[in-house]
Amino acid sequence: MEPEKLAVRFRPPTMCLLYSFKGQKRVREFSLDVTAEDDGHRLRSVVTRLKEENPDHLLDIGTNQLLRLVVRVRDALRKNGGADLNKVSENMLVGKKLVMDVQFRKNQISSDDPKYVYDKRIDFQGTEDNDWDDDDDDDD
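Calculation rules
- All residue numbers refer to position in the chain's written sequence, counted from 1.
- Local features in this predicted model are restricted to residues whose pLDDT is 70 or higher, and side-chain atom pairs enter the listing and the counts only when it is 80 or higher, whereas totals over whole chains, interfaces and linings include all residues.
- Hydrogens and water molecules were not included; the side-chain quantities draw on all heavy atoms of the structure.
- Runs of H or I in DSSP of at least four residues are treated as helices and runs of E of at least two as strands, each being numbered from the N terminus.
- Only protein chains enter the area calculation, which uses a 1.4 Å probe; residues under 20% of their type maximum are buried, those over 50% are exposed, and those in between are partly exposed.
- Only the protein chains shown count as cover for residues, and all accessible areas are computed by the Shrake-Rupley method using a 1.4 Å probe.
- Residues grouped as a nonpolar core are buried Ala, Val, Leu, Ile, Met, Phe, Trp, Tyr and Cys residues, joined through side-chain atoms within 4.5 Å.
- Contacts are residue-level and defined by heavy atoms, with any inter-residue pair within 4.5 Å sufficient.
- Helix span is expected to be 1.5 Å times the residue number reduced by one.
- For salt bridges, the criterion is a side-chain nitrogen of Lys or Arg within 4 Å of an Asp or Glu carboxyl oxygen.
- Comment: axis = line fitted to C-alpha atoms, over the contacting stretch for helices; angle = value between 0 and 180 degrees taken between N-to-C directions.
- Note that the term roughly parallel is reserved for angles under 35 degrees, roughly antiparallel for angles over 145, roughly perpendicular for angles of 65 to 115, and oblique for everything else.
- Handedness of each helix crossing follows the sense of rotation of the near helix against the far helix: counterclockwise by less than a right angle gives left-handed, clockwise gives right-handed.
- In this count, Pro and Cys sit with the nonpolar residues alongside Ala, Val, Leu, Ile, Met, Phe, Trp and Tyr, while Asp, Glu, Lys and Arg are called charged and the others, Gly among them, polar.
- Patch criteria: residues need more than 30% relative accessible area and no salt bridge. Like-charged residues are merged within 9 Å; nonpolar side chains of Val, Leu, Ile, Met, Phe, Trp and Tyr are merged within 5 Å.

Trainee: Whenever I open this one, the overall build of the protein confuses me. Can you help?
Mentor: Counting its secondary structure elements, the protein contains 4 helices and 3 strands. Helices (α) and strands (β) of the protein occur, in sequence order from the N terminus, as β-β-β-α-α-α-α. By the burial criterion, 26% of the 140 residues in the protein qualify as buried. As displayed, the protein has an accessible area near 11200 Å², and 46% of this comes from carbon and sulfur atoms.

Trainee: It is not clear to me how the nonpolar core should be interpreted in this structure. Could you clarify?
Mentor: Nonpolar side chains tend to gather and get buried jointly when the protein is soluble and globular. In terms of nonpolar packing, the biggest core is built from 21 residues, with M15, L32, V34 and V70 touching the most fellow members. Elements with a minimum of two residues in this core: strand 1 (2-9), strand 2 (14-21), helix 1 (40-53) and helix 3 (63-79). The element contributing the most residues to this core is helix 3, with 6 residues. For V70, the contacting residues outside a window of four places in its chain are M15, L32, V34, L43, V46 and V47.

Trainee: When you look at helix 3 in this model, what are you seeing that I'm missing?
Mentor: Along an α-helix, residues three or four positions apart point the same way, because every turn accommodates 3.6 residues. Look at helix 3: 24 Å from first C-alpha to last across 17 residues, which is about the 24 Å you get at 1.5 Å a residue. Among the residues of helix 3, those classed as buried are L66, L67, L69, V70, V73, R74, A76 and L77.

Trainee: How should the pattern of salt bridges be read in this particular structure?
Mentor: Should the charged atoms of two oppositely charged side chains come close, the side chains can pair. Enumeration over the complete set of coordinates arrives at 7 salt bridges. Salt-bridge contacts for R49 lead to E53; the nearest nitrogen and oxygen are separated by 3.2 Å. Within this pair, R49 and its partner E53 are both found in helix 1, separated by 4 residues, close to a single helical turn. Overall, the relative accessible area of 28% leaves R49 in the partly exposed class. For the salt bridge of D119 with R121, the shortest nitrogen-to-oxygen distance reads 3.7 Å. The exposure class of D119 is partly exposed, given its relative accessible area of 48%. R121 gets classed as exposed once you look at its relative accessible area, which sits at 59%.

Trainee: What am I meant to see in the packing of helix 1 against helix 3 here?
Mentor: Each pair of packed helices can be summarised by the angle the axes make with each other and by the distance between the axes. At a minimum axis separation of 9 Å, helix 1 and helix 3 run at an interaxial angle of 125°. Classified by the interaxial angle, the pair formed by helix 1 and helix 3 is oblique. As helix 1 packs across helix 3, the resulting crossing turns out to be right-handed. Residues L43, R44, V46, V47 and K51 of helix 1 form the contact with helix 3, whose participating residues are T63, L66, L67, V70, V71 and R74. Partitioned by chemical class, the residues of the contact of helix 1 with helix 3 number 7 nonpolar, 1 polar and 3 charged.

Trainee: What is the right way to read a nonpolar patch on the surface from this model?
Mentor: On the surface, a nonpolar cluster with roughly 360 Å² of combined accessible area is contributed by I109, Y116 and Y118. For Y116, the location among the structural elements is in the segment after helix 4 (90-107). Y116 sits in the partly exposed class, given a relative accessible area of 35%.

Here's what the structure looks like:
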C-alpha cells in the first residue's frame, strides 16, 4: 500500500487518505471525533487512536502531519461555530449541552433579579428581506 494524498473534510470532520494498492487507486475515510473546544493534548490522543486503529493505512504517515490536519479541523470548527449537533456522537452532544447550559445560566435573569421584567416584549427589525413572514397580524 502506497499513500498518495491525505486531506481533511470539515463537515463532518473526516480525514481522507488516497492511496494505491496493487496498481489501483483507493480512498479510505476516517471519522474524526474533534470539537472546537479540544486542546492539544486531546488532539494528540485523537491522532494516536487513529494510528492504533488503522496501522495498515496510517503506518507510513507521520504523527506530526496527522496532528497538523486534525488541528486544522479543530480551528475550522472554532471559526464556523462548532459541529452540526444532529450528527455528533452522544458523548459530544452531552458535552455541548453542558456548555450551553452553563452559558444559559450565566445569562439567565430570575424573577428575584432587579433587571427582571415580566412579559417583556421586544420588536426586532429584520436584517434581510423575506417572504415567509409578511403577516402584520399579531398572534397574541
